[in-house]
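Each chain, letter by letter, is given below.
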Amino acid sequence: MDLLNTLVDKGLRRELPTREEALAVLATSDDDLLDVVAAAGKVRRHWFGRRVKLNYLVNLKSGLCPEDCSYCSQRLGSTAGILKYTWLKPDEASKAASAGLAGGAKRVCLVASGRGPTDRDVDRVSETIKTIKEQNEGVEVCACLGLLSDGQAERLREAGADAYNHNLNTSEGTYADITTTHTYADRVDTVQKAHAAGLSACSGLIAGMGESDEDLVDVVYSLRELDPDSVPVNFLIPFEGTPLAKEWNLTPQRCLRILAMVRFVCPDVEVRIAGGREVHLRTMQPLALHLANSIFLGDYLTSEGQAGKADLEMIADAGFEVEGADQVTLPEHRATAGGGCGSHESAGCGSQESAGCGSQESAGCGTAESAGCGSHESAGCGSHEGGGVCGTAAGAPANEPRPDLVAVRRRGAGTDLAPNA
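All of these numbers come straight from a predicted model, not from anything done at the bench.

**Q** What should I look at first to understand helix α8 (residues 184-196) in this one?
**A** Helical periodicity: at 3.6 residues per turn, an α-helix aligns residues three or four positions apart in one direction. Look at α8: 19 Å from first C-alpha to last across 13 residues, which is about the 18 Å you get at 1.5 Å a residue. Of all the positions in α8, only Y184, R187, V188, T190, V191, K193 and A194 are classed as buried. As for α8, its buried residues are in contact with α6 (152-159), β4 (163-165), α7 (175-178), β5 (200-202) and α9 (213-226). Looking one or two residues past α8, G198 carries a phi angle of roughly 90°, positive in sign.

Quick look at the structure:
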């Protein structure tokens, strides 16, 4: 297919596809799906080989958020029966993090619900970061605390944070339909603050909220222009008790096409399969590893994910390997430039026009109120009867609602039970 050959060539050169080409990927037929995966897989392997980076979420403070993000089980007015608790103590958070690190994770994502941290909250999280770093040599720490005020990103960096997550989630044109208590511009501003403080930017999207193909392309092109080092791709989990509970718009094939489009537009960036992979990709999860080079291990913020052991078996069975703590995730041209491609001539990216990367203006992940470190609160099959990869119910069409796959997290951080790592 000429389209795919063109996209592979552009991906290997870090050249931005046209919007028409990106839309064409989303419009491909199921008959062409394996060709699309194979093409995007060439780009993924060129920049990241067969390595899979594992990330682990620790929900430092769960529920009772004042923001009204429609997709979130922790939102204002949510009636979802999730765990609700206030700040974990540093030792508690470090113990939770250790479970994920023991399972092979190299990055810990510290998330807290709320509009944004107070200065006292930043002190709390800074102490937690220091404790985790002291007890786990070489670990990466990403914070996701919501909208940052002046000076807070610098304080997190001084405490040892490596990255800050703040997702764009959806296109600027449709953002107000999803959230009214803060703006798209607020999100951009927060990651600008993080980037300016020397933190690695992590910013992604949520698919499946009723958006159009054009909306998906818009948000991914905005991310490319804003140039985060990692792009988490979440697939909406329609939590009962939230406004989007009835939005079951995704099939495994649709998810794969979205991931392929993201890879073509952001070829040399860490593309992470985040919330919802178990619910929407189901038995097609191994194919997604040919597109993304990063996943979350075990459970998410307020919902269960696939058991960590099953994640590791899936990676090995698909012919991939877990990225080691001594390996650098990003390609050399991004890592040596401080992470970003942007329009930085020193990074070898060339101009905006030739590279399509845009400026340093960063993207945002919204408040940790909902989106956590790119997980968006996702659910999964968890360790149901052993925690294997989930499939569809016998005879169930692929695009039918599957509330049976949405399980509220009842273990790990904030509980007395061992985590699912």
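**Q** Help me understand the packing of helix α1 (residues 2-13) against helix α2 (residues 19-26), please; the structure alone is not making it clear to me.
**A** The N-to-C vectors of α1 and α2 enclose an angle of 120°; their axes lie 11 Å apart at closest approach. Judged on the interaxial angle alone, α2 and α1 are oblique. In the crossing of α1 with α2, the sense of the turn from one axis to the other is left-handed. In this structure, α1 contributes L3, T6, L7 and K10 to the contact, and α2 contributes E21, A24 and V25. Taken together, the residues of the contact of α1 with α2 break down into four nonpolar, one polar and two charged.

**Q** Whenever I open this one, the pairing of strand β8 (residues 270-273) confuses me. Can you help?
**A** Side chains on a regular strand alternate between the two faces of the sheet. Side chains E270 and R272 project from β8 onto one buried face, and the interleaved V271 and I273 project onto a second face that is buried too. Bridge count for strand β7 (residues 230-235) against β8 is four bridges, and the pairing is parallel. By the bridge assignment for β8, S230 is matched with E270. Direction of pairing for β8 relative to strand β9 (residues 294-296): parallel, over a ladder of two bridges. When the bridges of β9 are listed, R272 appears paired with S294.

**Q** Please clarify how the side chain of T28 should be interpreted in this entry.
**A** Of note, T28 is situated in the loop between α2 and α3 (33-48). Note on T28: relative accessible area 10%, which makes it buried. Side-chain polar atoms of T28 contact the backbone oxygen of V25, separated by 2.8 Å. The residues contacting T28, other than those within four sequence positions of it, are V36 and R257.

**Q** Just to check I follow, could you spell out the packing of aromatic side chains for this structure?
**A** One pair of aromatic rings is described through two measures. These are the centre distance and the angle between the planes. Counted under the stated rule, the structure contains two aromatic pairs. Taken together, a centroid distance of 6.1 Å and an interplanar angle of 70° make the contact between Y175 and Y184 edge-to-face. With centroids separated by 6.3 Å and ring planes inclined at 70°, the aromatic side chains of F296 and Y300 adopt a geometry described as edge-to-face. Just as F296 is buried, Y300 falls in that class too. Here the basic side chain of R19 rests over the ring of Y221, its NZ or CZ set 5.8 Å away from the ring centre. Geometry around F320 places R50 over its ring, the cationic atom sitting 4.4 Å from the centre.

**Q** Can you help me understand the pattern of salt bridges in this one?
**A** Two side chains carrying opposite charge are able to pair once their charged atoms lie near each other. On inspection of all chains with the given rule, the structure shows 28 salt bridges. The residue K193 makes a salt bridge to D150 at a minimum N-O spacing of 3.6 Å. Taken together, the positions of K193 in helix α8 and D150 in the loop between β3 (140-144) and α6 put the pair 43 residues apart, joining distant regions of the chain. Exposure remark for K193: the relative accessible area of 18% places this residue in the buried category. On the accessibility criterion, D150 (71% relative accessible area) is exposed. Measuring nitrogen to oxygen at the nearest pair gives 3.1 Å for the salt bridge that ties R272 to E270.

**Q** Which parts of the structure should I look at to understand the confidence of the model for the protein?
**A** In low-pLDDT regions, the fine details of the predicted coordinates are not to be read closely. For the protein, the average pLDDT comes to 86, and 85% of its residues sit at 70 or higher. Overall, residues 339-375 carries pLDDT values under 50, and its contacts beyond four positions in sequence, including any with other chains, amount to 159 contacts. Here residues 377-395 scores under 50 on pLDDT; set against residues more than four positions off or in separate chains, the count is 71 contacts.

What counts and what doesn't
- Residues numbered from 1 in each chain as written.
- Predicted model: local features only at pLDDT ≥ 70, side-chain atom pairs only at ≥ 80, totals over all residues.
- Heavy atoms only, no water.
- Helix = DSSP H or I, 4+ residues; strand = E, 2+ residues; numbered from the N terminus.
- Expected span 1.5 Å × (residues − 1).
- Buried < 20%, exposed > 50% of the residue type's maximum accessible area, 1.4 Å probe, protein only.
- Contact = heavy atoms within 4.5 Å.
- Axes fitted to C-alpha atoms, helices over the stretch in contact; angles between N-to-C directions.
- Parallel < 35°, antiparallel > 145°, perpendicular 65-115°, else oblique.
- Left-handed = near helix turned anticlockwise from the far one by under 90°.
- Nonpolar A, V, L, I, M, F, W, Y, C, P; charged D, E, K, R; others polar.
- Pairing = 2+ DSSP bridges.
- Polar contact = N/O pair within 3.5 Å; in protein donor to acceptor, adjacent residues only side chain to side chain.
- Phe/Tyr/Trp six-rings, centres within 6.5 Å; stacked < 30°, edge-to-face > 60°.
- Lys NZ or Arg CZ within 6 Å of the ring centre and 35° of its normal.
- Salt bridge = Lys/Arg side-chain N within 4 Å of Asp/Glu carboxyl O.
- pLDDT = per-residue confidence, 0-100.

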